[in-house]
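One-letter residues, chain by chain:
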Amino acid sequence: MLFFKSKEEREILKRMDEEEKALEQEVDAAMPKEKVKLVDLIFDEDEEEKELEEYMTDAEKEEMAEYKKENKHLIIIVGSILGTIGISLFVFLFFFSEAIKSDLLKVTLPIMEDYYQEKYNTKLNYFTIDYLCQKIDSKEECSNIAHLTTKENRHIMAIDNKMLGDDINSDKITNEYNDYMHNRLAELDIIGNSAILSYEDYYLNYNIHADYIKVLPSDLSLDSLINSKKLTITDVITYQGLYNYNYVKNFLSNFSQDSVIYLIGTKNGIPSSLQIVSSKYHYEFNITATLELEKKITYYELDRSKNNVSNLVVKHINENDIKTLNNYNITNAYGFQIESQRSYNRDENLPNYYFMRLDDATFSESNIYEFSMSNYGSNYEELKEEEYIPVITYRSGSSTYIISNSNIGIGNIQEKEGFLCKLGLC
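Residues numbered from 1 in each chain as written. Predicted model: local features only at pLDDT ≥ 70, side-chain atom pairs only at ≥ 80, totals over all residues. Heavy atoms only, no water.

## A word on the pattern of salt bridges
For step 1, the next point in the chain: Counting across every chain of the model gives 7 salt bridges.
For step 2, the next point in the chain: Aspartate 258 is paired through a salt bridge with lysine 280; the nearest N and O atoms lie 3.6 Å apart. Of this pair, aspartate 258 sits in the loop between α8 (245-252) and β8 (260-267) while lysine 280 sits in the loop between β9 (270-278) and β10 (282-294), and the two are 22 residues apart along the sequence.
For step 3, the next point in the chain: A relative accessible area of 21% means that aspartate 258 is categorised as partly exposed.
For step 4, the next point in the chain: A relative accessible area of 58% places lysine 280 in the exposed class.
For step 5, the next point in the chain: Here glutamate 301 and arginine 304 are joined by a salt bridge, their closest N and O atoms 2.9 Å apart. (Salt bridge = Lys/Arg side-chain N within 4 Å of Asp/Glu carboxyl O. Helix = DSSP H or I, 4+ residues; strand = E, 2+ residues; numbered from the N terminus. Buried < 20%, exposed > 50% of the residue type's maximum accessible area, 1.4 Å probe, protein only.)

This is the structure we're talking about:
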């Protein structure tokens with residue numbers, strides 16, 4: 001006889017017994033007049049056996065009864081053994097499946113579910129959960145940063161099952177940051193800005209295009225984030241006042257080392273300068289020419305004495321020429337290729353930034369899909385997210401301003417139509 005000692009095992013058996021009784025009741029209700037038990041099917045006598053018994057002596061009948069009794073007893077024992085084996089196998093498989101579950105599913109997921117339920121008073125429905133990983137010397141190494149994507153495409157993160165945060169309610173902190181920034185950079189006379197706020201401990205390599213990059217800790221205020229020096233900002237600011245590098249640098253020192261501010265100076269509403277300030281570099285460019293490359297594409301040429309770009313080639317890329325990673329097309333696609341000044345007499349290493357405006361094109365850091373550009377032929381392949389390079393976008397009215405320093409292609413995505421859809425039947 002097998003004894004089940006744990007609470008979990010007893011609960012499993014109890015549920016199995018209740019389900020068996022419920023099933024038997026359903027069968028009884030469906031066939032009330034023809035209820036047949038398995039034991040009756042096994043041991044009930046057929047007509048031929050009854051006729052044979054009429055010709056048996058009392059001794060033979062007694063021997064037959066004893067044989068049936070022993071046979072019945074044997075079948076019951078075999079059935080009990082098979083039943084016990086079945087239950088044991090079920091219990092083993094249940095606990096084995098629990099044992100092989102990763103800590104991510106056994107520990108982290110329930111913590112995130114409780115967090116979500118408590119904060120948003122609704123059940124968490126998730127799409128994926130994993131750890132952030134990166135390749136180091138061609139080997140993948142995973143971190144202690146857990147990342148969950150909800151079915152609504154929002155994101156929850158945790159570090160060692162603590163310091164939980166999400167991007168569902170991060171707009172509140174972003175709005176507080178905007179007020180903070182306007183107050184401390186008042187002399188710029190800011191027209192508008194577009195800030196991305198991130199938490200340094202929630203990423204391995206800073207990438208403004210990562211889907212989880214706006215996740216912030218839920219239990220830290222803006223003041224606490226600033227004091228921690230772990231709040232990362234990427235901000236695009238348009239202004240019409242006075243620019244002072246030291247003034248901006250002091251402001252930036254409140255944030256993490258990955259932070260960057262792009263400042264677009266304007267005169268009479270038209271861009272006149274571009275400054276890029278980070279803890280690692282600092283560039284200041286006057287706009288020396290405004291060129292219409294073609295209808296609805298404007299190129300702002302940056303001072304060539306400080307920037308090594310002589311021209312920017314903008315291409316419209318056919319969606320069928322781009323090899324994508326999944327079943328969709330990259331549409332509304334543009335390719336940008338830098339033509340550099342061929343001056344070998346310069347001692348300094350000049351940057352390769354370009355600044356342009358696309359009218360009637362909708363891009364933002366959250367809906368850009370990047371693909372590689374080749375200098376030869378039409379070889380375009382979608383990049384993996386970890387391969388993305390910074391492409392800074394700023395929306396103003398129906399126009400998108402773009403700042404970058406690399407050859408790159410960008411576009412939106414559109415799911416491919418199925419055969420029926422192409423026939424207009426979907």
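## Focus: helix α5 (residues 103-120)
For step 1, the next point in the chain: Between the first and last C-alpha of α5 there are 24 Å, a value that for 18 residues agrees with the 26 Å anticipated at 1.5 Å per step.
For step 2, the next point in the chain: The principal kink in α5, of about 30°, is found at leucine 109, preceding the proline proline 110 by one to four residues.
For step 3, the next point in the chain: If you check which residues of α5 are buried, you get Leu104, Thr108, Leu109, Met112, Tyr115 and Tyr116.
For step 4, the next point in the chain: Lining the buried residues of α5 we find β1 (126-136), β2 (139-150), β3 (155-159) and β4 (162-166).
For step 5, the next point in the chain: Immediately beyond the C-terminal end of α5, within one or two residues, lies asparagine 121, with a positive phi of roughly 55°. (Expected span 1.5 Å × (residues − 1). Bend = angle between axes of the 7 residues up to and from the residue. Contact = heavy atoms within 4.5 Å.)

## Considering a nonpolar patch on the surface
For step 1, the next point in the chain: There is a patch of nonpolar side chains on the surface, built from Leu74, Ile77, Val78, Ile81, Leu82 and Ile85 and spanning about 540 Å² of accessible area.
For step 2, the next point in the chain: In this structure, valine 78 sits in helix α4 (residues 58-100). (Patch = residues over 30% accessible without salt bridge, like charges linked within 9 Å, V, L, I, M, F, W, Y side chains within 5 Å. Areas by Shrake-Rupley, 256 points an atom, 1.4 Å probe, with all protein chains shown as cover.)

## Some details on the sheet that holds strand β16 (residues 369-371)
For step 1, the next point in the chain: Spatial strand order, β12-β14-β20-β16: 4 strands in an open sheet with antiparallel pairing. Unpaired on one side and paired on the other, β12 (309-317) and β16 mark the two borders of the sheet. Averaged over all pairs of adjacent strands, the angle between their axes in this sheet comes to 25°, without regard to strand direction.
For step 2, the next point in the chain: Sheet topology places β12 next to strand β14 (residues 328-340); 8 bridges connect them, and they run antiparallel. By the bridge assignment, lysine 315 is partnered in β14 with glycine 335. (Pairing = 2+ DSSP bridges. Axes fitted to C-alpha atoms, helices over the stretch in contact; angles between N-to-C directions.)

## Digging into the environment of isoleucine 264
For step 1, the next point in the chain: When you line up the elements, isoleucine 264 lands in strand β8.
For step 2, the next point in the chain: Distance from isoleucine 264 to tyrosine 243, taken between C-alpha atoms, is 10.0 Å for residues 21 residues apart in sequence.
For step 3, the next point in the chain: Leaving out residues up to four positions away in the same chain, isoleucine 264 has contacts with Val236, Ile237, Thr238, Tyr239, Pro271, Ser273, Leu274 and Phe355.

## Points about the packing of aromatic side chains
For step 1, the next point in the chain: For the structure on display, the rule yields 20 aromatic pairs.
For step 2, the next point in the chain: These aromatic residues form a ring-pair network of at least three members: Tyr177, Tyr180, Phe251 and Phe255. (Phe/Tyr/Trp six-rings, centres within 6.5 Å; stacked < 30°, edge-to-face > 60°.)

## Quick look at empty space enclosed by the protein
For step 1, the next point in the chain: In this structure the tally under the stated criterion is 1 cavity of 30 Å³ or more.
For step 2, the next point in the chain: By volume, the largest cavity amounts to about 70 Å³.
For step 3, the next point in the chain: Every residue lining the largest cavity is listed: Ser194, Ile196, Ile208, Thr234, Val236, Glu365, Val391, Ile392 and Thr393.
For step 4, the next point in the chain: Classifying every residue of the lining of the largest cavity by side-chain character gives 5 nonpolar, 3 polar and 1 charged. (1 Å grid on protein atoms, 1.4 Å probe; cavity = no way out; pocket = protein on both sides within 12 Å on 5 of 7 lines; lining within 4 Å. Points joined across faces, edges and corners; volume = space filled by probe spheres on them. Nonpolar A, V, L, I, M, F, W, Y, C, P; charged D, E, K, R; others polar.)

## Structural notes on the sheet that holds strand β11 (residues 297-302)
Sheet strands line up and pair through hydrogen bonds in the backbone, either parallel or antiparallel.
For step 1, the next point in the chain: Spatially, 9 strands are ordered β5-β7-β8-β9-β10-β11-β15-β19-β18 in an open sheet, and the strand pairing comes out mixed. Taken across any chain shown, the strands that pair with only one partner, and hence form the sheet edges, are β5 (190-199) and β18 (392-396). Adjacent strand axes in the sheet meet at a mean angle of 20° when their direction is disregarded.
For step 2, the next point in the chain: Note that β10 and β11 share 6 bridges and pair antiparallel. Looking across to β11, one finds that leucine 291 is bridged to tyrosine 299.
For step 3, the next point in the chain: The strands touched by helix α6 (residues 171-184) are β5 and β7 (231-239); relative to β5, the strand with the most contacts, the crossing angle is about 130°.

## Structural notes on the state of the cysteines
For step 1, the next point in the chain: All chains considered together, the criterion is met by 1 disulfide.
For step 2, the next point in the chain: Between the sulfur of cysteine 133 and that of cysteine 142 lies a disulfide, 1.9 Å long from S to S. Between cysteine 133 and cysteine 142 the disulfide shows an S-S torsion of about 95°. By sign, it is right-handed.
For step 3, the next point in the chain: Here cysteine 133 falls in the partly exposed class, since its relative accessible area comes to 31%. (Disulfide = S-S within 2.5 Å.)

## Remarks on the pairing of β3
For step 1, the next point in the chain: Extensive coverage of β3 is indicated by the burial of 5 of its 5 residues.
For step 2, the next point in the chain: Sheet topology places β2 next to β3; 5 bridges connect them, and they run antiparallel. Paired with threonine 149 across the strands is histidine 155, a residue of β3.
For step 3, the next point in the chain: Here β2 hands over to β3 after 4 residues, with asparagine 153 in that stretch at a positive phi of 65°.
For step 4, the next point in the chain: In this structure, the hairpin formed by β3 and β4 is closed by a connection of 2 residues, where aspartate 160 is found at a positive phi of approximately 55°.

## A few points about the side chain of serine 170
For step 1, the next point in the chain: Structurally, serine 170 is set in the loop between β4 and α6.
For step 2, the next point in the chain: Within the structure, the side chain of serine 170 is placed 3.5 Å from the backbone oxygen of aspartate 167, a separation counted as a polar contact.
For step 3, the next point in the chain: Discounting residues that sit within four places of it in the chain, serine 170 has contacts with Lys214 and Leu216. (Polar contact = N/O pair within 3.5 Å; in protein donor to acceptor, adjacent residues only side chain to side chain.)

## Focus: unusual backbone geometry
For step 1, the next point in the chain: Unusually for a residue other than glycine, asparagine 121 sits at a positive phi of about 55°.
For step 2, the next point in the chain: The residue asparagine 121 is located in the loop between α5 and β1 in this model.
For step 3, the next point in the chain: Residue class for asparagine 121 comes out exposed when judged on its relative accessible area of 64%.
For step 4, the next point in the chain: At asparagine 161, a position not held by glycine, the phi torsion is positive, near 65°.
For step 5, the next point in the chain: Within the fold, asparagine 161 resides in the loop between β3 and β4.

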